[in-house]
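Observations on the three-dimensional arrangement
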Amino acid sequence: MATAEIDVPREGLPTLADANRDISRPISTPYGRYWILLGICGALIAAAGVAWTIQIRDGMGVAGINNPVNWGVYIVTFVFWVGIAHSGTLISAVLYLVRSGWRTTINRTAEAMTIFAVMTAGLFPLIHLGRVWYFYYLVPYPSTRLLWPNFRSPLVWDMFAIGTYFTISLVFWYLGLIPDLAVLRDRFTGIKKRLYGAFSLGWQGTVRDWSHYRRLYLYLAGIATPLVLSVHSVVSWDFAMGIVPGWHSTIFAPYFVAGAIFSGIAMVITITIPLRWAFGLEKYVTTYHFDNMAKLLLLTSLIVGYAYGMEYFLAWFSADPIEQESFRWRATGFYAGPFWIMVFCNVVVPMSLWFKRTRNSLKALFVISVLVNIGMWYERFVIIVTSLAHEYDPSAWQVYTPSLTELTIMVGSFAWFFFWFLLFAKTLPTISIAEVKEHLAHEHEHGNGH
Amino acid sequence: MNDGGVRHDGSGAAGPEPTGDGATRREFLKVLGVAGAGAAATACGPPDAGDKLISYLIPPEDIIPGTNVTYATVLTGAGPEPLGVHATVRDGRVIKLEGNPDSPNVGRLSALAHSALQDLYDPDRVPGPRRRTEAGLVEASWDEAIAATAAAVAAGRTVLLTPPVVGSAARFYQEWAEAVGARWVAWEPLGLEAQRTAQRIAFDRDEIPTYALERADRVVCFGADFLGTWLGPVELAGRFVSGRFVDHGVQAKYTFVGPRLSLSGLKADEWLPARTGSETLVALATAREVARRKADGRAARVEATLAPFTPEAVEEASGITAERIRDLAREIAGARSPLALPPGIAGQGVGATDAHLAVALLNYVSGAHGDTVRFDGATIRGRHVPYAAMAGLVRRMGAGEVETLIVAGSNPAYSMPASSGFAEALAAVPNVISLNPHLDETATAAGWVLPSHHELEAWGDALVRPGYMAIAQPVMQPVFDTRQREDVLLQMAAAAGSDAFDVEDYRSYFESVWRELHGRMYGAGPSFEEWWHENLSRGGGAVGPGFPSDPAPSLTAAAANYRFAAPGGEGDDLTLVTYPTVQFYDGRGANRPWMQEFPDAVTKAVWNAWVEIHPDTAEPLGVETGDLVEVRTEAGSVTAPAYVYRGIRVDTVAVPLGQGHTAYGRTAEGRGVNALHLLDGSADERSGALAFSGAAVTLTATGRSGKLVVMQGHDYDEDREISEIIHFDDAMAAVREHHVDLTALVEAAYDSDPQSPYRWGMTIDLNACTGCGACVTACYAENNLPVVGEDLCDQGREMSWMQIMRYFEEAEEGFQTVHFPTLCQQCGDAPCEPVCPVYAAYHTAEGLNGQIYNRCVGTRYCANNCPYKVRRFNWFTYERPYPLNLQLNPDVTVRSKGVMEKCTFCVQRINRAKLDAKAEGRLVADGEIQTACMQSCPTQAIVFGNLKDPASRVSRIAKGSRGYRMLDELNTRPAVTYLKSVTHAALPAGGHGPGDAHGATESEPAEHGAAAEHE
């Protein structure tokens, strides 16, 4: 990587003690606005809970979905969150394996984001079930009727893919936390000390500890890496295995993976910028890190844009009038609005990242990352809804408009995600202390450069 | 079990109804049991249908729990024709109606007839006698009610108003009126008085002839909706399709003449869009040209009368070019058995009799008279007064000359145009007594409401045609505290001091009528009891040797020298057409949820009334489908959503009848508009028939948009191998060159378990399908489909397992229509099955796509992945207000929220037949299983059976040259084979889709230039 050109100032580098103190400061210092944010999130979650309760009581009809468009905002938001969940593993595992040092200050946040995004995404398959009280039919358990789930169904693959991803991500994240938990254990007294102590699993920071730790971390990174590709590939098969024109495409797996990384990076940027400001971590998360993330964003935007173009090329190349009509309608029909929002946010806007000035402007980056998040939500909407609304039998064509219930639950999902994130920021170091210290020690010893 | 008139089975009438030949003692007792139950029903009141368990202390003879019992009866109130039915009764309540194979409707039914069940179980029926007080309606006892109404009748100047009846009831009402000194008036809003008058003038026969469509090789229809609402659509549709046996090289070319393509018009090969009211001129000009070509004796008789009506002379007034009239005449003259059908209700203007007469003359000169139009075996219709006479009654009522008005089965306050002043006159009548089952518009104005039985709870009879009588018997205990209408009248007469009737009740009255008739017919022969019970168990039967009559009575001099009005010039007014629909008919269907949710056969609109206008009329007004427009005539105005429709003349506006009720029940009230408000009450001079069309209208866009829910997303199949239509010559060539492709059969055989002897399959002949929708309603009744209401229909949440899509196909000239029934295709390689994570959708050993409700968790992936879009999800749990729930079929699960459902090929009927077969140690025989849709279809377009049996009917039809499978390129291997529709219209060689110029109703007509041709 071209990081050698990046100037990380040696002057004013925090000391190792600074790192301990700065990074763990938010954990001991309660902020007033923290409680307000937490309260807003709680209220929105409660509203979504009420909406879901009503949906369970009355039936799926309170959502706006209908006969041709059987999947709507719920599945759109599900795929959106699964996509968000991608950057965590990418940044933690893949960048770890390729020894990209710039990941150290953002990997904890990204991993936490992954966990919470999967926790959010995982709600939607339940929320969208017509009879959620029988959700366990999807689980392979030894039932007295000797019935297993249908392993031919992409929905079952999906469940396993996401379950695996969640498990590995959680273990990986926890493993990375252990040395930091030990730091916290040593900083606190009383019940906190006992809790952090229990979770730090008796970490002493000995050479033996470190050697086991590093080896396990490497192995887990190795295990997690293929998951970056597999999870969203499997999620994409929820659609690509279907016969629906607009879904049934071989490019879906790489297309979705790129889109997931794209949206995941965007979400990391969206979260890190305010977090860095709120917790005063400017010294640790610098424009150097944002510049690298912006480049990754640009790269994935190009892949996603290519995929959009390729979908249209394949529709034309297939010579299948039904497929062609589906794509013509996607760009010009009832849902032309969402389609062009998607193109603008995901393909046009990120092109500004070719310029270093944009990459180094946190304001611009924040706006772009938010737009990319919006664009990626619309991408899933376009893929799922426009394809279903306009498929084989013209007499069945029908459009779909989301209902208030669906939107409430969607907003509630964001609240749910940020609620967990706020709890995380208040109880655990948002930057890996151990890795930052390692990095700082390295800097202090050898000066600039890698 | 199959021993006699009472049949226990699960599949409805899977085979021919056992005849009563050699009636056994057991059968006799059974019938007596039925009779006894019915007598008890009339005598004691309290409703106990469905809410009591069955006593096993003395088990009722006919009730075997869990087993269907079938009773034969006849429906006279289910549309224009009497329909013989088999009522399927389970545990004491009727759950399904099937056509009676012994009656003229040969086992077929209409949508409206199926919905009679919802009329029977209508929660809005009046539950018992009611008296109107200042505080509103209060409950009263039957004794009070009879005493009070009898006193009113005894006071004199009573009018009894009923619908037209035939059989014993006609005699009864006459005798009753004489006994109490009342006047009996029979009236029918959609009457046939003009047609009758014309036959009287032309042939001195006050009868409606039989139209032998099955023999005709050239059909021209001047407006009658013979496939939907006119005369006898179930029977006529069957006859019509019998004349379209394309695989044997026969298909009558069919031309429709009129300003608007009705359900019947959409089936035509050719459309002559004559201006409203000018059908007479087109018929006369055609007759003139035919006569000129034939130049025989018949032609000579009418030559002078027809002389002024040259094709050129009528060109301007009708809007039909002389050339086209000449072509039509040439084809009629050259045909072996031509047939012209007269105008129906939609074409009934102020010159209605003339129009019928003109068509009669055309049939006369073309040779159809006596051949395809026959006066032997004619349909018997009850006499009724024309509209003009009703107007006279209104005058007398208004003048205080009517002291008491008894309304029995008629609802004139709704079905008389507002301009007639009936409602105001009704207020001037001191005693209004309603014997109607509902609180309809007329009953709402009544002082006494004495609700009568539904016809499924009552005794009655009908002479359906000379030589065939039908008997109506109660098929279950009354649902409410109601009485047989005639019994109420009998009790009234007795209480009023009349001793004219020495019978206990109406049942014995009408039995005595038939006893007398039997004596006259047979003298000594089979005993009356034997004869009677046989006919009762079969729902009717032959009576005597029939009434021999001349099939072709000679033309009267009056008709031969009739002076028709000379052709006028071109008018530029917009003219009005009002027409009855399959689902509402004269408005009686409006309170039945199945009928409100029934997609109209032409527009596919539900739960509303609409205004049909041509795209070229709509465009300058800036109106699109759903926008509110105001239609104003001199008599009044209505505001309703527009429906932009290609099949209507630019200068014509059409509004359906039957909606806009102000009373009648929760489903009907306040829904749509009543088109009768637009009629000024002008009537045909000769017959007194109400003019339903021809009024000048002004059309204004209100600028507001209304709500018209149209259950079809797009009107064109975009050449996707969905609705296929081919030219007759190509069909014939295909028949000649056709080779059976055995690979398809082998493939089909592997779509079920190789061990299973069955692979269930279906064929649907699009050439036979008329779009009448009987199958759709039959499915609702059989499979407990919920009705979801207008809003949910709008959201695309209708639950119909079977829908008839109406696809337009471009022709060289104008367009053709293919009615395309869609239902689960039961694919051999079904896309819905592998995607279900819990095996709720799975493949059965017999090749069905099973759907296990209990296992379904509601991911809805199956519905997304179904290319045919036939899966239905339960977005809510749908309620059926008591007693509508009594209709539910116990053999079919009632689904609740959150599960997916779809057509099962009536798996409950399949399983029942398999059990029967297994008990007898054999395989299910071909034809033993009829799905509900198949059983109802008036044209037998649907055939069901075992595809693994190469000799089965369905296998043989599926192998035919016209067979294709919907979206075959997806290789889903559907079990449903469609047979292409066949037309005589020239079709374009290349792609045929809509162009913008045609004004597709879809707001976004899709590009279709790129569409490849798959033929």
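Reading the values: the criteria
- Residues numbered from 1 in each chain as written.
- Chains lettered and ligands numbered in written order.
- Predicted model: local features only at pLDDT ≥ 70, side-chain atom pairs only at ≥ 80, totals over all residues.
- Helix = DSSP H or I, 4+ residues; strand = E, 2+ residues; numbered from the N terminus.
- Buried ≥ 20, exposed ≤ 12 C-beta atoms within 10 Å, placed from the backbone.
- Contact = placed C-beta atoms within 7 Å.
- Rg over C-alpha atoms; globule rule 2.2 N^0.38 Å.
- Nonpolar A, V, L, I, M, F, W, Y, C, P; charged D, E, K, R; others polar.
- Pairing = 2+ DSSP bridges.
- Axes fitted to C-alpha atoms, helices over the stretch in contact; angles between N-to-C directions.
- Parallel < 35°, antiparallel > 145°, perpendicular 65-115°, else oblique.
- Left-handed = near helix turned anticlockwise from the far one by under 90°.
- pLDDT = per-residue confidence, 0-100.

**A short note on the overall build of chain B**
Of the regular secondary structure elements, chain B holds 30 helices and 40 strands. The burial tally for chain B puts 63% of its 1015 residues in the buried class. Counting only contacts in chain B whose residues sit at least 6 apart along the sequence, the fraction spanning at least 24 positions is 75%.

**Observations regarding the overall build of chain A**
Counting its regular elements, chain A contains 17 helices and zero strands. Its C-alpha atoms give chain A a radius of gyration of 23 Å, near enough to 22 Å, the size a compact globule of 450 residues would have. Seen through its principal axes, chain A has C-alpha atoms that stretch 70 × 55 × 40 Å. Sorting the 450 residues of chain A into buried and exposed places 49% on the buried side. Taking all contacts inside chain A whose residues are at least 6 apart in sequence as the whole, residues at least 24 apart take part in 83%.

**Focus: the interface of chain B and chain A**
Across the boundary between the two partners, chain B contributes 49 residues, which contact 42 residues of chain A. The element best represented in the side of chain B that touches chain A is helix α27 (residues 861-865) of chain B, accounting for four residues. For the side of chain B that touches chain A, the residue count by class is 26 nonpolar, 12 polar and 11 charged.

**Observations regarding unusual backbone geometry**
Residues and elements named next belong to chain B. Cis geometry marks the peptide bond from Y882 to P883; its omega dihedral reads 0 degrees. Mapping P883 onto the fold places it in the loop between β35 (872-873) and β36 (900-901). Here D91, not a glycine, exhibits a phi torsion of approximately 50 degrees, which is positive. Turning to its location among the elements, D91 is positioned in the loop between β3 (83-90) and β4 (93-99).

**Here's the deal with the sheet that holds strand β38 (residues 963-964) of chain B**
All names here are of chain B. Strand order across the open sheet formed by four strands is β37-β30-β39-β38, with mixed pairing between neighbours. Edge positions in the sheet fall to β37 (942-946) and β38, since each of these pairs with one other strand and no more. In this sheet, strand β39 (residues 976-979) lies alongside strand β30 (residues 760-765) in parallel orientation, the contact comprising four bridges. When the sheet's bridge partners are listed, T763 is paired in β39 with T977.

**Side note on the packing of helix α3 (residues 73-84) of chain A against helix α5 (residues 107-121) of chain A**
Residue and element names in this part refer to chain A. Running from N to C, α3 and α5 point in directions that differ by 165 degrees, and their axes come no closer than 8 Å. By the angle between their directions, the pair α3 and α5 is classed as roughly antiparallel. Relative to α5, the crossing made by α3 is left-handed. Contact residues: α3 offers F78, W81, V82 and I84, while α5 offers M113, A117, T120 and A121.

**Side note on the pairing of strand β24 (residues 627-632) of chain B**
Residues and elements named next belong to chain B. Only one face of β24 is buried: it carries D627, V629 and V631, and the other face, with L628, E630 and R632, is open. Bridge analysis of β24 against strand β27 (residues 693-705) gives five bridges, and the strand direction is antiparallel. Looking at β27, one finds that V629 is bridged to A701. As paired elements, β24 and strand β25 (residues 637-644) share five bridges and run antiparallel to each other. For R632, the partnering residue across the bridge sits in β25 and is S637. Adjacent in sequence and paired antiparallel, β24 and β25 are bridged by four residues.

**Here we look at the pairing of β3(B)**
Each regular strand carries side chains that alternate between the two faces of the sheet. Residues and elements named next belong to chain B. Taken across its eight residues, β3 has eight buried, putting it largely inside the fold. Burial of the side chains of β3 extends over both faces: L83, V85, A87 and V89 are buried on one face and G84, H86, T88 and R90 on the other. Examined bridge by bridge, strand β2 (residues 68-75) and β3 share eight bridges and lie antiparallel to one another. Following the sheet pairing, A72 is matched in β3 by H86. For β3 and β4, the ladder comprises six bridges, and the chain directions are antiparallel. Residue pairing in the sheet places V85 in a bridge with G99 of β4. Counted between consecutive antiparallel strands, the loop separating β3 from β4 contains two residues, among which D91 sits at a positive phi close to 50 degrees.

**A word on the sheet that holds strand β10 (residues 218-221) of chain B**
Residues and elements named next belong to chain B. Taken in spatial order, the four strands of this open sheet run β12-β11-β10-β13, and their pairing is parallel. Two strands in the sheet have a free side with no partner beyond their single neighbour: β12 (270-272) and β13 (338-341). For this sheet, the mean inter-axis angle between neighbouring strands, taken without regard to orientation, is 15 degrees. Bridge analysis of β10 against strand β11 (residues 253-257) gives four bridges, and the strand direction is parallel. By the bridge assignment, V220 is partnered in β11 with T255.

**Some words on the packing of helix α11 (residues 287-318) of chain A against helix α13 (residues 336-348) of chain A**
All names here are of chain A. Interaxial distance between α11 and α13 falls to 9 Å at its minimum, and their mutual angle equals 140 degrees. By the angle between their axes, α11 is oblique relative to α13. For the pair formed by α11 and α13, the contact residues are S301, V304, G305 and Y308 on the first element and V343, N346 and V347 on the second. Here the residues of the contact of α11 with α13 are counted per class, giving four nonpolar, three polar and no charged.

**Here's the deal with the environment of B:A768**
Counting through the fold element by element, B:A768 comes out in the loop between β30 and α24 (774-782). Linking B:A768 and B:G789, residues 21 residues apart in sequence, is a C-alpha distance of 30 Å.

**With respect to the confidence of the model for chain B**
Residues and elements named next belong to chain B. Summarising the model, chain B shows a mean pLDDT of 87, and 89% of its residues fall at 70 or more. Predicted confidence for residues 1-50 stays below pLDDT 50, and this span has 121 contacts to residues more than four positions away or in other chains. Per-residue pLDDT stays below 50 along residues 991-1015; that stretch engages in 48 contacts with residues further than four places along the chain or on separate chains. The ipTM value of the predicted complex is 0.92, and its pTM value is 0.90.

**A look at the environment of B:N971**
Residues and elements named next belong to chain B. Checked against the element boundaries, N971 lands in the loop between β38 and β39. What makes N971 exposed here is the crowd of 12 C-beta atoms within 10 Å. N971 sits 143 residues away from G828 along the chain, and the two C-alpha atoms are 8.9 Å apart.

**Regarding the confidence of the model for chain A**
Looking at chain A, pLDDT values average 88 and 95% of them are 70 or higher. This stretch, residues 1-9 of chain A, has a pLDDT under 50; its non-local contacts, to residues over four places away or in other chains, come to 10 contacts.

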